[in-house]
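Secondary and tertiary structure notes
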Amino acid sequence: MQESLLHQLTETQRQLELLHDQLTESQRLATIGTICAVIAHEFNNLLTPIVSYSQFALQSAQGEKPDMVLICKALTKSFQSSQKAGRICASMLSLARGESSYAAVPVQTLVDETLTVLARDPQKDGIALRVQIPPELAVYGDSVQLEQVLLNLLINARQAMLGKGGSLTIKASAVDENLVKIQVIDSGPGIPEKLLPKIFQPFFTTKATARQTEAHGTGLGLAICKDIVEHHSGRIEVESEVGRGTTFSVILPAAKPAATAS
Ligand SMILES: Nc1ncnc2c1ncn2[C@@H]1O[C@H](COP(=O)(O)OP(=O)(O)O)[C@@H](O)[C@H]1O
Ligand SMILES: [Mg+2]
């Protein structure tokens, strides 16, 4: 009796281990699937300005009076974005492998670089941009990955205010000796309270649209942000009020001031 029970127990244990292995394997495959979608999503963010700048240059080159200054400017932008796309691809793959290259990154540089990638001047969409960053503030992290975080937050803010305009503020401050807070504040439509717990989930989007030409959401932007920030031992928070706007706060480890040589 006892022996058969023991036998059953061992058998159940074996099946449990098998199921566990299968679960690990499907989780691994799901992760690879997500990483592919993430890289495609991030790449698309960069490809958009590359395509429009090249188109701009081509149009001028094929026109009656090619404007060399404009062509050079457009090609330079397109070239810079392509290089950045390459760097971002490498960085996303490192993130997937769990490798990152950490260093002190001035928040001002981070924001400037991200605004360059954003390409389209927010003012053209009726968005007033304000940047308030103490010049000495620096975080400790992977600059390429942190730019991704800001880029995704800025793209979301811009999309939220598209067609209506509004204000977009990028603010940063020291929380204490060890932490820095970077905020992206928009005056868009806000997020209903019942959706707040879902927005960081991969593939959650309210931007699904039937029209192919319109940018529709993948629901990966905030999931990427959360993943990157947590890899940095930081956190990302959201506060939103319907009709008033949304604030995303990213809290990251501060870069320790360089030890002064004695
Ligand atoms: N600044 C914002 N204002 C209003 N809603 C937002 C904002 N940022 C994110 N959201 C909401 O969170 C959802 C998920 O965002 P995200 O993960 O970036 O995916 P996507 O932008 O592809 O939809 C969006 O579809 C939108 O509903
Ligand atoms: Mg998004």
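Residues numbered from 1 in each chain as written. Chains lettered and ligands numbered in written order. Predicted model: local features only at pLDDT ≥ 70, side-chain atom pairs only at ≥ 80, totals over all residues. Heavy atoms only, no water.

**Overview of the packing of aromatic side chains**
A complete count under the given rule lists two aromatic pairs for this structure. Centroid distance Phe200 to Phe248: 6.3 Å. Interplanar angle 85°. Geometry classified as edge-to-face. With Phe200 in the loop between strand E5 (179-186) and helix H5 (221-231) and Phe248 in strand E7 (residues 245-253), this pair connects stretches of sequence that are 48 residues apart. Comparing Phe200 with Phe248 shows no difference in burial state: the two are buried. (Phe/Tyr/Trp six-rings, centres within 6.5 Å; stacked < 30°, edge-to-face > 60°. Helix = DSSP H or I, 4+ residues; strand = E, 2+ residues; numbered from the N terminus. Buried < 20%, exposed > 50% of the residue type's maximum accessible area, 1.4 Å probe, protein only.)

**Thoughts on a nonpolar patch on the surface**
Taken together, the side chains of Phe43, Leu47 and Val51 make up a nonpolar region of the molecular surface, amounting to roughly 220 Å² of accessible area. Tracing the backbone through its elements, the reader meets Leu47 in helix H1 (residues 2-62). (Patch = residues over 30% accessible without salt bridge, like charges linked within 9 Å, V, L, I, M, F, W, Y side chains within 5 Å. Areas by Shrake-Rupley, 256 points an atom, 1.4 Å probe, with all protein chains shown as cover. Salt bridge = Lys/Arg side-chain N within 4 Å of Asp/Glu carboxyl O.)

**What about the pattern of salt bridges?**
Tallied over the entire structure, the rule returns five salt bridges. In this structure, Glu11 and Arg14 form a salt bridge, with 3.3 Å as the shortest nitrogen-oxygen distance. Of this pair, Glu11 and Arg14 both sit in helix H1, three residues apart, which is roughly one turn of that helix. Among the residues examined, Arg14 registers a relative accessible area of 47% and is labelled partly exposed. Linking Lys84 and Glu147 is a salt bridge whose minimum nitrogen-to-oxygen distance equals 2.9 Å. Taken together, the positions of Lys84 in helix H2 (residues 68-97) and Glu147 in helix H4 (residues 143-161) put the pair 63 residues apart, joining distant regions of the chain. You'll find Lys84 and Glu147 in the same group, each marked buried. Each of Lys84, Glu113 and Glu147 takes part in a single network of salt bridges with overlapping partners.

**A word on H5**
Those residues of H5 that sit buried are Gly221, Leu222, Ala223, Ile224, Cys225, Ile228 and Val229. A positive phi of about 60° marks Ser233, the residue just after H5.

**Focus on the pairing of strand E4 (residues 166-174)**
As judged from the six bridges shared by strand E2 (residues 127-132) and E4, these two strands associate in the parallel manner. The residue of E4 that forms the bridge with Leu129 is Leu168. (Pairing = 2+ DSSP bridges.)

**Structural notes on the site of ligand 1**
In the neighbourhood of ligand 1, 19 residues make up the surrounding shell, with Asn156, Asp186, Thr205, Thr206 and Lys207 lying closest. One nitrogen or oxygen atom from the side chain of Asn156 is found 2.8 Å from an oxygen atom belonging to ligand 1. Backbone polar atom of Leu222 to an oxygen atom of ligand 1: 2.8 Å apart, as the coordinates give it. In isolation ligand 1 exposes 530 Å². Once the protein is present, 94% of that is buried. Top element by residues in the shell around ligand 1 is H4. It accounts for three residues. Looking at the shell around ligand 1 residue by residue, the classes come out as eight nonpolar, nine polar and two charged. (Near = heavy atom within 4 Å. Polar contact = N/O pair within 3.5 Å; in protein donor to acceptor, adjacent residues only side chain to side chain. Nonpolar A, V, L, I, M, F, W, Y, C, P; charged D, E, K, R; others polar.)

**Some thoughts on the domain arrangement of the protein**
Its domain assignment divides the protein into domain 1 (1-98) and domain 2 (100-253). Averaged C-alpha coordinates put domain 1 and domain 2 at centres separated by 19 Å. Regarding the contact of domain 1 and domain 2, the summed buried area is about 1600 Å², with carbon and sulfur atoms giving 65% of it. When the buried surface of domain 1 facing domain 2 is broken down by residue, His41, Lys84 and Leu95 rank first, second and third, together holding 34% of it. Where domain 1 meets domain 2, there are two salt bridges. Linking domain 1 with domain 2 are two residue pairs in polar contact (both at pLDDT 80 or more), by the criterion used here. Broken down by secondary-structure element, the contributors of at least two residues to the side of domain 1 that touches domain 2 are H1 and H2. (Domains from an automatic or database assignment. Buried area = accessible area lost by both parts, 1.4 Å probe.)

**A few points about the nonpolar core**
Core analysis: the largest hydrophobic core is formed by 49 residues, its most contacted members being Val107, Leu153, Ile182 and Phe248. Those elements that provide at least two residues to this core are H1, H2, helix H3 (107-118), H4, E4, E5, H5 and E7. No other element matches the 10 residues that H4 contributes to this core. Taken together, domain 1 (1-98) and domain 2 (100-253) each give at least three residues to this core, which thus spans both. Excluding its chain neighbours within four sequence positions, the residues that come into contact with Leu153 are Val184, Leu222, Cys225, Ile236, Phe248 and Val250. (Core = buried A, V, L, I, M, F, W, Y, C linked by side-chain atoms within 4.5 Å. Contact = heavy atoms within 4.5 Å.)

**Overview of the side chain of Lys84**
Judged by relative accessible area, Lys84 falls into the buried class, the value being 8%. Filtering out sequence-adjacent residues up to four positions away, Lys84 remains in contact with Leu46, Glu113, Val117 and Glu147.

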